[in-house]
Amino acid sequence: MAEIEGVGGLHPKINGAFGEAHLLSMHQFSPADIDTFLQEALAAEAVMRTPGVWGRNLLPGAELKAVMRQPSTRTGGSMATAMTKLGGGAQVISGMAASSEGKGETVSDSWVAFATQADIIGCRTAEAGGVEVGAMAIDDAVENGKLWKRVPVINLGDGVNEHPTQTLGDVFTIYKKFGYFADLTIATVGDHERYRSHHSLTIGASILGVKIIAVESSAAPVPEPYVELLGDNLERTRDLDGAIQAADVLCMGRNPDEYSGEDDEEQGRSAQLAVDYQGWIVDRARLQQMKPSGMVLHARPRRNELDPSIDADPRAHDVEQMANMIPARMAAIALLMGVSIKGSRQ
């Protein structure tokens with residue numbers, strides 16, 4: 001598989017060879033790969049919605065480890081549910097306080113140890129690139145003959161870098177509503193510098209030819225690599241209301257203030273973002289500017305940037321978006337494990 005330069009480093013393109021890949025970055029996908037994923041996700045959803053059928057026994061005996069080095073319940077739980085519905089087993093490990101790393105084990109050795117217990121691993125780290133480090137450690141152990149089989153790794157969020165499975169679920173949600181991507185406009189709102197879900201969505205948009213309107217803060221603008229990636233398909237603005245009026249999809253994001261520092265520059269950045277987020281609150285009244293065919297997404301958890309008053313509005317799809325993460329992650333797991341949900345239904 002050819003290597004490409006991604007915003008977060010070098011990642012191998014999938015090019016249809018899902019069974020040979022790790023899922024580390026949206027940069028790995030081609031339009032054809034995204035289409036393959038969408039067909040599998042649609043098949044997974046069809047299985048889930050079949051009365052009296054709770055899943056497909058495609059991976060009996062297979063074990064998923066969801067290693068949430070940066071503690072998480074929702075994403076880890078979603079991965080475990082997805083694997084269970086494919087007939088496998090799953091364990092969620094949230095935080096590393098009780099791990100052997102506390103006894104002096106290196107991070108690389110810890111990754112290899114998990115690989116001896118799992119057939120596929122999903123991981124979240126507080127560090128950008130942390131999941132890629134784990135995938136490399138496992139690959140090295142296989143190459144050196146220490147592990148007898150390859151164990152695919154899925155990035156469930158690596159610091160401020162990316163969150164590719166979130167974007168796969170978002171793309172699935174958008175596709176279910178519109179059935180196409182050409183000529184769509186997505187408005188992304190929030191901290192574009194450190195909100196990893198926006199980063200992966202931006203990469204996905206570049207692959208699919210979707211226009212992005214980035215409602216940004218002067219304290220956290222769109223990073224230059226993403227500006228270059230989107231080119232003419234990026235519009236940058238401070239005008240949220242104008243973006244709402246123009247967008248087919250409004251994608252809100254919370255303030256990722258867990259990454260804020262303590263020095264004067266960071267405190268100034270945080271103060272400006274706090275002011276900007278107060279101006280970015282979308283409630284039912286504000287949402288009335290959006291076209292009736294539009295949709296609102298939020299990669300939960302939400303704070304006050306997405307007011308509960310919109311929950312009754314048919315354009316609010318954020319709960320469906322959360323639910324869609326199950327078939328989306330079922331599709332990702334199945335593809336990486338070399339099985340087809342779609343094929344099992346034929």
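In what follows, the structure referred to is the one given above.
Criteria and cut-off values
Residues numbered from 1 in each chain as written. Predicted model: local features only at pLDDT ≥ 70, side-chain atom pairs only at ≥ 80, totals over all residues. Heavy atoms only, no water. Helix = DSSP H or I, 4+ residues; strand = E, 2+ residues; numbered from the N terminus. Buried < 20%, exposed > 50% of the residue type's maximum accessible area, 1.4 Å probe, protein only. Contact = heavy atoms within 4.5 Å. Pairing = 2+ DSSP bridges. Axes fitted to C-alpha atoms, helices over the stretch in contact; angles between N-to-C directions. Salt bridge = Lys/Arg side-chain N within 4 Å of Asp/Glu carboxyl O. Phe/Tyr/Trp six-rings, centres within 6.5 Å; stacked < 30°, edge-to-face > 60°. Lys NZ or Arg CZ within 6 Å of the ring centre and 35° of its normal. Right-handed = clockwise from strand over helix to strand, strands pointing away.

We now examine unusual backbone geometry. Cis rather than trans, the peptide bond between Arg300 and Pro301 has omega equal to 5 degrees. Structurally, the position occupied by Pro301 is in the loop between strand 11 (295-298) and helix 11 (318-336).

Note on placement: Ala141 falls in helix 4 (residues 130-143). By relative accessible area, Ala141 is classed as buried at 7%. Each C-alpha atom, one on Ala141 and one on Arg315, is 48 Å from the other, the two residues being 174 residues apart in sequence. Those residues in contact with Ala141 that sit more than four places away from it in its chain are Val112, Lys146 and Leu147.

Strand order in the open sheet made by the 4 strands is 4-3-5-6, with parallel pairing throughout. Strands with a single pairing partner mark the edges of an open sheet, and in this sheet they are strand 4 (89-94) and strand 6 (153-158). Direction aside, neighbouring strands of the sheet carry axes that sit 10 degrees apart on average. Sheet topology places strand 3 (residues 63-68) next to strand 5 (residues 120-125); 5 bridges connect them, and they run parallel. When the sheet's bridge partners are listed, Ala66 is paired in strand 5 with Gly122.

Moving on, we come to the pattern of salt bridges. Applying the stated criterion across every chain yields a total of 20 salt bridges. Between Lys65 and Glu63 there is a salt bridge, and its shortest N-O distance comes to 4.0 Å. A relative accessible area of 22% means that Glu63 is categorised as partly exposed. In this structure, the salt-bridge partner of Asp119 is Lys149, at a minimum N-O distance of 3.1 Å. Of the two residues, Asp119 sits in the loop between helix 3 (107-117) and strand 5 while Lys149 sits in the loop between helix 4 and strand 6, which places them 30 residues apart along the sequence.

Quick look at the packing of aromatic side chains now. Tallied over the full model, the rule gives 4 aromatic pairs. Each ring, one from Phe178 and one from Tyr180, has its centre 6.1 Å from the other, and the planes form 65 degrees; the classification is edge-to-face. Accessibility expressed as a relative area gives 15% for Phe178, which makes it buried. The exposure class assigned to Tyr180 is partly exposed, which follows from its relative accessible area of 41%. Positioned above the aromatic ring of Trp148 is the side chain of Lys149, whose terminal nitrogen or guanidinium carbon lies 5.7 Å from the ring centre. Sitting over the ring of Phe178, Lys177 keeps its end group 5.6 Å from the ring centre.

Backbone-to-backbone hydrogen bonds pair the strands of a sheet. The strands run either parallel or antiparallel. Read from one edge of the open sheet, 5 strands run 9-8-7-10-11, paired in parallel fashion. Each having just a single partner strand, strand 9 (234-237) and strand 11 make up the two edges of the open sheet. With strand direction ignored, the average angle separating the axes of adjacent strands in the sheet is 20 degrees. Sheet topology note: the strand 7 (residues 185-189)/strand 8 (residues 211-215) ladder contains 5 bridges and is parallel. Note on strand 8: the bridge partner recorded for Ala187 is Ile213. Packed onto the sheet, helix 6 (residues 196-208) meets strand 7, strand 8 and strand 10 (249-252) and runs at close to 160 degrees relative to strand 7.

Counting buried residues along strand 7, 5 of its 5 residues qualify, which places the element largely inside the surrounding structure. For the crossover from strand 7 across helix 6 to strand 8, the handedness is right-handed. The sheet contact formed by strand 7 and strand 10 spans 4 bridges and is parallel. Looking across to strand 10, one finds that Ala187 is bridged to Leu250.

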